[in-house]
Amino acid sequence: MGSSRLSRNRKALLHKVRYALRHPGRVPAYVRRSARDAVLRVKFRGDHVGYYRAVMASDAARSAEAAVGGGPSVKRWTWIGQMQFDYLVEHGLAPGHRMLEIGCGNLRAGRLFIDHLEPGHYYGIDISPDILIAAKHTLVRYGLQPKLPYLTVADNLTFDFLPDAHFDVVHAHSVFSHSPLHVIEECFAHIGRVLKPGGFFDFTFDRTEGEEHQVLHEDFYYRTETLVGLASKHGLAATFMEDWESRPHGQSKIRITHAEVRADGRVKADGQVKADGRVKADAP
Ligand SMILES: C[S@@+](CC[C@H](N)C(=O)[O-])C[C@H]1O[C@@H](n2cnc3c(N)ncnc32)[C@H](O)[C@@H]1O
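Computed from a predicted structure; not experimentally measured.

Calculation notes
- Residues numbered from 1 in each chain as written.
- Predicted model: local features only at pLDDT ≥ 70, side-chain atom pairs only at ≥ 80, totals over all residues.
- Heavy atoms only, no water.
- Near = heavy atom within 4 Å.
- Polar contact = N/O pair within 3.5 Å; in protein donor to acceptor, adjacent residues only side chain to side chain.
- Areas by Shrake-Rupley, 256 points an atom, 1.4 Å probe, with all protein chains shown as cover.
- Helix = DSSP H or I, 4+ residues; strand = E, 2+ residues; numbered from the N terminus.
- Contact = heavy atoms within 4.5 Å.
- pLDDT = per-residue confidence, 0-100.
- Patch = residues over 30% accessible without salt bridge, like charges linked within 9 Å, V, L, I, M, F, W, Y side chains within 5 Å.
- Salt bridge = Lys/Arg side-chain N within 4 Å of Asp/Glu carboxyl O.
- Lys, Arg positive; Asp, Glu negative; His and termini not counted.
- Charge placed at Lys NZ, Arg CZ, Asp CG, Glu CD.
- Buried < 20%, exposed > 50% of the residue type's maximum accessible area, 1.4 Å probe, protein only.
- Axes fitted to C-alpha atoms, helices over the stretch in contact; angles between N-to-C directions.
- Parallel < 35°, antiparallel > 145°, perpendicular 65-115°, else oblique.
- Left-handed = near helix turned anticlockwise from the far one by under 90°.
- Nonpolar A, V, L, I, M, F, W, Y, C, P; charged D, E, K, R; others polar.
- UniProt positions renumbered as here; feature names shortened; annotations may be inferred.
- Core = buried A, V, L, I, M, F, W, Y, C linked by side-chain atoms within 4.5 Å.
- Arc of directions from axis to C-beta.
- Pairing = 2+ DSSP bridges.

## Some points on the site of the ligand
The ligand sits among 19 residues. The nearest are Q84, G103, R108, D126 and H173. G103 places a polar main-chain atom, nitrogen or oxygen, 2.7 Å from a nitrogen atom of the ligand. Measuring from an oxygen atom of the ligand, one finds a side-chain N or O atom of R108 at 2.7 Å. Protein chains bury 99% of the 590 Å² of accessible surface belonging to the ligand in isolation.

Here it is as C-alpha coordinates:
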(Lines give C-alpha, C1' and ligand atoms only; values in the text may rest on other atoms or scores of the structure.)
Protein backbone atom coordinates (compact mmCIF):
# COMPACT_ATOMS: atom_id res chain seq x y z
CA MET A 1 0.00 0.00 0.00
CA GLY A 2 1.57 3.34 -1.02
CA SER A 3 2.18 5.95 1.68
CA SER A 4 0.16 8.62 -0.21
CA ARG A 5 -2.80 6.28 -0.06
CA LEU A 6 -2.31 5.94 3.70
CA SER A 7 -2.15 9.69 4.31
CA ARG A 8 -5.03 10.63 1.98
CA ASN A 9 -8.10 12.27 3.54
CA ARG A 10 -11.03 11.10 1.42
CA LYS A 11 -13.35 13.55 3.12
CA ALA A 12 -11.41 16.59 1.88
CA LEU A 13 -13.02 18.60 -0.94
CA LEU A 14 -9.79 18.68 -2.96
CA HIS A 15 -9.55 14.88 -2.81
CA LYS A 16 -13.19 14.56 -3.95
CA VAL A 17 -12.67 16.92 -6.91
CA ARG A 18 -9.48 15.13 -8.02
CA TYR A 19 -11.17 11.75 -7.63
CA ALA A 20 -14.21 12.86 -9.67
CA LEU A 21 -11.93 14.11 -12.46
CA ARG A 22 -10.02 10.83 -12.51
CA HIS A 23 -13.16 8.62 -12.27
CA PRO A 24 -16.09 10.56 -13.81
CA GLY A 25 -18.06 7.33 -14.22
CA ARG A 26 -18.22 6.90 -10.43
CA VAL A 27 -19.78 10.30 -9.75
CA PRO A 28 -23.46 9.26 -10.20
CA ALA A 29 -23.06 6.41 -7.67
CA TYR A 30 -21.42 8.78 -5.18
CA VAL A 31 -24.23 11.32 -5.61
CA ARG A 32 -26.79 8.57 -5.04
CA ARG A 33 -24.98 7.41 -1.88
CA SER A 34 -24.74 10.99 -0.59
CA ALA A 35 -28.47 11.54 -1.07
CA ARG A 36 -29.21 8.26 0.73
CA ASP A 37 -26.82 9.25 3.53
CA ALA A 38 -28.62 12.58 3.99
CA VAL A 39 -31.99 10.84 4.40
CA LEU A 40 -30.77 7.96 6.58
CA ARG A 41 -28.70 10.02 8.97
CA VAL A 42 -31.78 12.09 9.83
CA LYS A 43 -33.93 8.97 10.15
CA PHE A 44 -31.43 7.06 12.32
CA ARG A 45 -29.81 9.97 14.18
CA GLY A 46 -27.16 8.43 16.47
CA ASP A 47 -28.22 4.84 15.67
CA HIS A 48 -25.41 3.56 13.47
CA VAL A 49 -26.68 -0.03 13.40
CA GLY A 50 -30.11 1.12 12.17
CA TYR A 51 -28.42 3.37 9.60
CA TYR A 52 -26.11 0.67 8.25
CA ARG A 53 -28.86 -1.95 8.23
CA ALA A 54 -30.82 0.38 5.92
CA VAL A 55 -27.72 0.84 3.71
CA MET A 56 -27.40 -2.94 3.43
CA ALA A 57 -31.12 -3.34 2.64
CA SER A 58 -30.77 -0.83 -0.19
CA ASP A 59 -27.51 -2.32 -1.53
CA ALA A 60 -28.62 -5.97 -1.18
CA ALA A 61 -31.79 -5.18 -3.16
CA ARG A 62 -29.52 -4.34 -6.12
CA SER A 63 -27.00 -7.18 -5.64
CA ALA A 64 -25.96 -9.18 -2.56
CA GLU A 65 -22.48 -9.64 -4.06
CA ALA A 66 -22.07 -5.89 -4.50
CA ALA A 67 -23.52 -5.20 -1.02
CA VAL A 68 -20.62 -6.99 0.69
CA GLY A 69 -18.11 -4.93 -1.31
CA GLY A 70 -15.97 -5.35 -4.39
CA GLY A 71 -18.77 -4.86 -6.93
CA PRO A 72 -21.26 -7.31 -8.43
CA SER A 73 -18.61 -9.60 -9.97
CA VAL A 74 -18.97 -13.21 -8.75
CA LYS A 75 -15.32 -13.81 -9.67
CA ARG A 76 -14.20 -11.05 -7.27
CA TRP A 77 -16.66 -12.22 -4.59
CA THR A 78 -15.14 -15.71 -4.83
CA TRP A 79 -11.57 -14.40 -4.80
CA ILE A 80 -12.01 -12.17 -1.71
CA GLY A 81 -13.65 -15.03 0.18
CA GLN A 82 -10.85 -17.41 -0.78
CA MET A 83 -8.21 -14.90 0.39
CA GLN A 84 -9.80 -14.69 3.86
CA PHE A 85 -10.09 -18.47 4.08
CA ASP A 86 -6.53 -19.21 2.94
CA TYR A 87 -5.10 -16.75 5.47
CA LEU A 88 -6.90 -18.29 8.44
CA VAL A 89 -6.07 -21.84 7.40
CA GLU A 90 -2.39 -20.82 7.10
CA HIS A 91 -2.80 -19.46 10.64
CA GLY A 92 -4.06 -22.76 11.96
CA LEU A 93 -7.85 -22.80 11.54
CA ALA A 94 -8.65 -26.49 12.04
CA PRO A 95 -11.92 -28.42 11.47
CA GLY A 96 -12.42 -28.95 15.20
CA HIS A 97 -12.27 -25.22 15.99
CA ARG A 98 -15.34 -23.20 16.85
CA MET A 99 -15.59 -20.00 14.87
CA LEU A 100 -17.59 -16.80 15.17
CA GLU A 101 -17.81 -14.55 12.12
CA ILE A 102 -18.96 -11.00 12.88
CA GLY A 103 -20.61 -9.35 9.87
CA CYS A 104 -20.70 -12.59 7.89
CA GLY A 105 -22.56 -11.00 4.95
CA ASN A 106 -23.75 -13.48 2.33
CA LEU A 107 -21.00 -15.95 3.32
CA ARG A 108 -18.39 -14.85 0.79
CA ALA A 109 -15.78 -16.46 3.06
CA GLY A 110 -18.25 -18.09 5.43
CA ARG A 111 -19.20 -20.79 2.90
CA LEU A 112 -15.54 -21.93 2.89
CA PHE A 113 -15.26 -21.82 6.70
CA ILE A 114 -18.51 -23.78 7.03
CA ASP A 115 -17.27 -26.42 4.59
CA HIS A 116 -13.93 -26.71 6.42
CA LEU A 117 -15.32 -26.86 9.98
CA GLU A 118 -17.15 -29.70 11.68
CA PRO A 119 -20.97 -29.44 11.66
CA GLY A 120 -22.30 -26.80 14.05
CA HIS A 121 -18.89 -25.18 14.57
CA TYR A 122 -19.57 -22.01 12.52
CA TYR A 123 -21.58 -19.12 13.97
CA GLY A 124 -22.26 -16.13 11.71
CA ILE A 125 -23.86 -12.92 12.91
CA ASP A 126 -24.86 -9.83 10.97
CA ILE A 127 -27.00 -6.75 11.57
CA SER A 128 -28.70 -7.11 8.18
CA PRO A 129 -31.65 -9.52 7.78
CA ASP A 130 -31.50 -8.92 4.02
CA ILE A 131 -27.92 -10.14 3.71
CA LEU A 132 -28.65 -13.13 5.98
CA ILE A 133 -31.42 -14.19 3.59
CA ALA A 134 -28.81 -13.99 0.82
CA ALA A 135 -26.50 -16.03 3.09
CA LYS A 136 -29.09 -18.80 3.26
CA HIS A 137 -29.21 -18.82 -0.55
CA THR A 138 -25.41 -19.26 -0.53
CA LEU A 139 -25.78 -22.26 1.82
CA VAL A 140 -28.24 -23.86 -0.58
CA ARG A 141 -26.13 -23.03 -3.66
CA TYR A 142 -23.09 -24.75 -2.16
CA GLY A 143 -24.98 -27.69 -0.61
CA LEU A 144 -23.84 -26.86 2.93
CA GLN A 145 -27.07 -27.82 4.77
CA PRO A 146 -25.45 -30.88 6.51
CA LYS A 147 -22.94 -28.53 8.18
CA LEU A 148 -25.78 -26.90 10.12
CA PRO A 149 -24.19 -23.47 10.62
CA TYR A 150 -25.81 -20.92 12.93
CA LEU A 151 -26.81 -17.63 11.30
CA THR A 152 -28.22 -14.93 13.56
CA VAL A 153 -29.32 -11.33 13.21
CA ALA A 154 -27.63 -9.08 15.78
CA ASP A 155 -28.45 -5.56 16.84
CA ASN A 156 -25.32 -4.92 18.85
CA LEU A 157 -21.90 -6.45 19.55
CA THR A 158 -22.35 -7.47 23.19
CA PHE A 159 -22.60 -11.20 22.27
CA ASP A 160 -24.86 -11.58 25.31
CA PHE A 161 -26.62 -14.62 23.79
CA LEU A 162 -23.35 -16.55 23.34
CA PRO A 163 -21.52 -18.70 25.93
CA ASP A 164 -18.31 -17.84 27.79
CA ALA A 165 -14.90 -18.93 26.40
CA HIS A 166 -16.47 -20.73 23.44
CA PHE A 167 -14.72 -19.58 20.24
CA ASP A 168 -11.20 -20.48 19.10
CA VAL A 169 -11.34 -18.03 16.20
CA VAL A 170 -13.36 -14.86 15.72
CA HIS A 171 -13.21 -13.14 12.33
CA ALA A 172 -14.53 -9.78 11.07
CA HIS A 173 -13.63 -8.82 7.51
CA SER A 174 -14.58 -5.38 6.17
CA VAL A 175 -16.85 -4.71 9.15
CA PHE A 176 -14.90 -2.16 11.19
CA SER A 177 -14.22 -0.31 7.94
CA HIS A 178 -17.93 0.51 8.17
CA SER A 179 -18.09 1.11 11.94
CA PRO A 180 -17.74 4.19 14.12
CA LEU A 181 -15.42 3.85 17.09
CA HIS A 182 -18.17 3.29 19.67
CA VAL A 183 -19.31 0.16 17.79
CA ILE A 184 -15.74 -1.19 17.74
CA GLU A 185 -15.38 -0.39 21.43
CA GLU A 186 -18.57 -2.28 22.23
CA CYS A 187 -17.08 -5.28 20.46
CA PHE A 188 -13.75 -4.99 22.34
CA ALA A 189 -15.58 -4.65 25.67
CA HIS A 190 -17.30 -8.02 25.18
CA ILE A 191 -15.27 -10.17 22.80
CA GLY A 192 -12.88 -11.37 25.52
CA ARG A 193 -15.72 -13.15 27.31
CA VAL A 194 -16.66 -15.37 24.36
CA LEU A 195 -13.08 -15.95 23.17
CA LYS A 196 -11.42 -19.13 24.46
CA PRO A 197 -8.11 -18.71 26.33
CA GLY A 198 -5.50 -18.98 23.56
CA GLY A 199 -8.07 -18.04 20.91
CA PHE A 200 -7.76 -15.04 18.61
CA PHE A 201 -9.93 -12.42 16.94
CA ASP A 202 -8.82 -11.07 13.54
CA PHE A 203 -10.38 -8.01 12.00
CA THR A 204 -9.59 -5.83 9.02
CA PHE A 205 -9.78 -2.05 9.01
CA ASP A 206 -9.19 0.82 6.62
CA ARG A 207 -5.89 2.24 7.81
CA THR A 208 -4.77 5.82 7.63
CA GLU A 209 -1.47 7.24 8.73
CA GLY A 210 -2.91 10.76 8.47
CA GLU A 211 -5.99 12.25 10.05
CA GLU A 212 -8.74 9.79 11.00
CA HIS A 213 -11.83 10.45 8.91
CA GLN A 214 -15.02 9.00 7.49
CA VAL A 215 -16.81 9.16 4.16
CA LEU A 216 -20.55 9.65 4.63
CA HIS A 217 -21.54 7.37 7.55
CA GLU A 218 -20.38 4.33 5.60
CA ASP A 219 -16.57 4.22 5.48
CA PHE A 220 -14.24 4.85 8.43
CA TYR A 221 -10.43 5.26 8.38
CA TYR A 222 -8.45 4.64 11.59
CA ARG A 223 -4.87 4.86 12.70
CA THR A 224 -3.46 1.56 13.97
CA GLU A 225 -2.56 3.00 17.38
CA THR A 226 -6.19 4.09 17.98
CA LEU A 227 -7.41 0.51 17.67
CA VAL A 228 -4.45 -0.94 19.58
CA GLY A 229 -5.06 1.54 22.42
CA LEU A 230 -8.78 0.74 22.48
CA ALA A 231 -8.05 -3.00 22.70
CA SER A 232 -5.60 -2.45 25.54
CA LYS A 233 -8.21 -0.39 27.44
CA HIS A 234 -10.33 -3.57 27.48
CA GLY A 235 -7.54 -5.89 28.62
CA LEU A 236 -6.75 -7.23 25.14
CA ALA A 237 -3.46 -7.42 23.26
CA ALA A 238 -3.42 -6.27 19.63
CA THR A 239 -0.91 -7.30 16.97
CA PHE A 240 -0.63 -5.67 13.55
CA MET A 241 -0.57 -8.57 11.07
CA GLU A 242 2.30 -7.68 8.77
CA ASP A 243 1.88 -10.83 6.66
CA TRP A 244 -1.61 -9.72 5.59
CA GLU A 245 -0.18 -6.52 4.03
CA SER A 246 1.27 -8.43 1.08
CA ARG A 247 -2.21 -9.61 0.04
CA PRO A 248 -3.82 -7.34 -2.55
CA HIS A 249 -6.81 -6.40 -0.43
CA GLY A 250 -6.34 -2.75 0.53
CA GLN A 251 -7.30 -3.07 4.20
CA SER A 252 -4.99 -3.91 7.10
CA LYS A 253 -5.48 -6.60 9.72
CA ILE A 254 -5.13 -6.64 13.51
CA ARG A 255 -5.20 -9.74 15.72
CA ILE A 256 -6.69 -9.48 19.21
CA THR A 257 -5.89 -11.96 21.95
CA HIS A 258 -6.33 -12.08 25.69
CA ALA A 259 -3.57 -9.79 26.96
CA GLU A 260 -1.43 -12.56 28.35
CA VAL A 261 -1.18 -14.50 25.06
CA ARG A 262 0.69 -13.26 21.97
CA ALA A 263 -0.53 -13.73 18.40
CA ASP A 264 1.97 -16.57 17.95
CA GLY A 265 0.43 -18.33 20.96
CA ARG A 266 3.36 -17.64 23.33
CA VAL A 267 2.66 -16.18 26.75
CA LYS A 268 3.81 -12.58 27.12
CA ALA A 269 5.66 -11.57 30.27
CA ASP A 270 5.13 -7.84 29.93
CA GLY A 271 1.97 -7.67 27.84
CA GLN A 272 3.43 -4.81 25.81
CA VAL A 273 2.41 -3.98 22.29
CA LYS A 274 3.98 -1.01 20.54
CA ALA A 275 1.84 1.94 19.45
CA ASP A 276 2.03 0.84 15.81
CA GLY A 277 0.45 -2.45 16.79
CA ARG A 278 3.54 -4.64 16.65
CA VAL A 279 4.47 -6.80 19.63
CA LYS A 280 7.73 -5.61 21.19
CA ALA A 281 10.62 -7.59 19.73
CA ASP A 282 12.12 -8.18 23.18
CA ALA A 283 8.98 -9.72 24.64
CA PRO A 284 9.80 -13.33 25.61
C1 LIG B 1 -18.49 -5.27 3.55
S2 LIG B 1 -19.58 -6.47 4.19
C3 LIG B 1 -18.46 -7.84 4.44
C4 LIG B 1 -19.18 -9.15 4.67
C5 LIG B 1 -18.25 -10.33 4.95
N6 LIG B 1 -17.47 -10.13 6.14
C7 LIG B 1 -17.38 -10.58 3.75
O8 LIG B 1 -16.16 -10.37 3.81
O9 LIG B 1 -17.93 -10.95 2.72
C10 LIG B 1 -19.86 -5.91 5.86
C11 LIG B 1 -20.89 -6.74 6.60
O12 LIG B 1 -20.85 -6.39 7.98
C13 LIG B 1 -22.17 -6.21 8.44
N14 LIG B 1 -22.08 -5.29 9.58
C15 LIG B 1 -21.81 -3.97 9.57
N16 LIG B 1 -21.77 -3.49 10.82
C17 LIG B 1 -22.01 -4.54 11.65
C18 LIG B 1 -22.09 -4.68 13.06
N19 LIG B 1 -21.92 -3.65 13.89
N20 LIG B 1 -22.33 -5.91 13.58
C21 LIG B 1 -22.50 -6.99 12.75
N22 LIG B 1 -22.44 -6.90 11.40
C23 LIG B 1 -22.19 -5.70 10.86
C24 LIG B 1 -22.93 -5.68 7.25
O25 LIG B 1 -24.31 -5.87 7.36
C26 LIG B 1 -22.30 -6.49 6.12
O27 LIG B 1 -22.95 -7.71 5.90
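## What to know about the side chain of S174
Tracing the backbone through its elements, the reader meets S174 in the loop between β4 (167-172) and α9 (181-194). Within polar-contact distance, the side chain of S174 engages the side chain of Q251 at 3.4 Å. In this structure, S174 is in contact with R108, T204, H249 and Q251, ignoring residues within four places of it in sequence.

## Things to note about the confidence of the model for the protein
Model confidence for the protein is summarised by a mean pLDDT of 91, while 91% of its residues fall at 70 or above. The secondary-structure element of the protein with the lowest mean pLDDT is helix α1 (residues 3-7), recorded at 75, while strand β1 (residues 99-102) shows the highest, at 99. Contacts for the low-pLDDT stretch residues 269-284, under 50 throughout, to residues beyond four places or in other chains number 33 contacts.

## A word on a positive patch on the surface
Together, R5, R8, R18 and R22 make up a positively charged patch on the protein surface. Along the polypeptide, R22 turns up in helix α2 (residues 13-22). By relative accessible area, which is 54% here, R22 ends up exposed.

## Some remarks on the packing of α9 against helix α10 (residues 224-233)
Interaxial distance between α9 and α10 falls to 9 Å at its minimum, and their mutual angle equals 40°. Taken together, the axis directions place α9 and α10 in an arrangement best described as oblique. Considering only the axes of α9 and α10, their crossing is right-handed. Between α9, through L181, I184, E185 and F188, and α10, the contact on the second element is made entirely by T226, L227, L230, A231 and K233. Partitioned by chemical class, the residues of the contact of α9 with α10 number six nonpolar, one polar and two charged.

## What about the UniProt feature "domain: Methyltransferase type" (unreviewed entry) in the protein?
Per the UniProt record, the feature "domain: Methyltransferase type" (unreviewed entry) sits at residues 100-201. The annotated region residues 100-201 carries 33% helix and 25% strand content, and the separation between its end C-alpha atoms amounts to 9 Å.

## So, the nonpolar core
By size, the foremost hydrophobic cluster in this structure holds 34 residues, and its most contacted members are L100, I102, F159, F188, I191, F201 and F203. Broken down by element, the residue count for this core peaks at six residues, all from α9. Non-local contacts of F159, meaning those with residues more than four positions away in its chain, are made with L100, I102, I125, C187, H190, I191, R193 and V194.

## Considering the pattern of salt bridges
Counting across every chain of the model gives 13 salt bridges. Between R33 and D219 there is a salt bridge, with its nearest N and O atoms 3.0 Å apart. Separated by 186 residues along the polypeptide, R33 in helix α3 (residues 27-43) and D219 in strand β7 (residues 219-222) bring together distant segments of the chain. Since its relative accessible area comes to 23%, R33 is described here as partly exposed.

## Looking at the packing of α3 against helix α4 (residues 48-62)
Relative to each other, α3 and α4 sit at 140°, their axes nearing to 10 Å. By crossing handedness, the relation of α3 to α4 is classed as right-handed. Along the contact surface, α3 presents R32, R36, D37, L40 and R41, while α4 presents Y51, A54, V55, S58, D59 and R62. When its residues are assigned to classes, the contact of α3 with α4 shows four nonpolar, one polar and six charged.

## Considering α10
What α10 keeps buried is the set T224, L227, V228, L230 and A231. Projected onto a plane normal to the axis of α10, the buried residues spread over an arc of 160° and lie on a single side. At its buried positions, α10 is contacted by α9, β5 (195-207), β7, β8 (236-240) and β9 (252-258). G235 occupies a position one or two residues after α10 and carries a positive phi of about 75°.

## Section: the pairing of β8
The element β8 is largely enclosed, with a buried count of five among its five residues. In β8, alternate side chains face the same way, and those of L236, A238 and F240 on one face and A237 and T239 on the other are all buried. With five bridges connecting them, β8 and β9 associate as antiparallel partners. Residue pairing across strands places T239 opposite R255, the latter belonging to β9.

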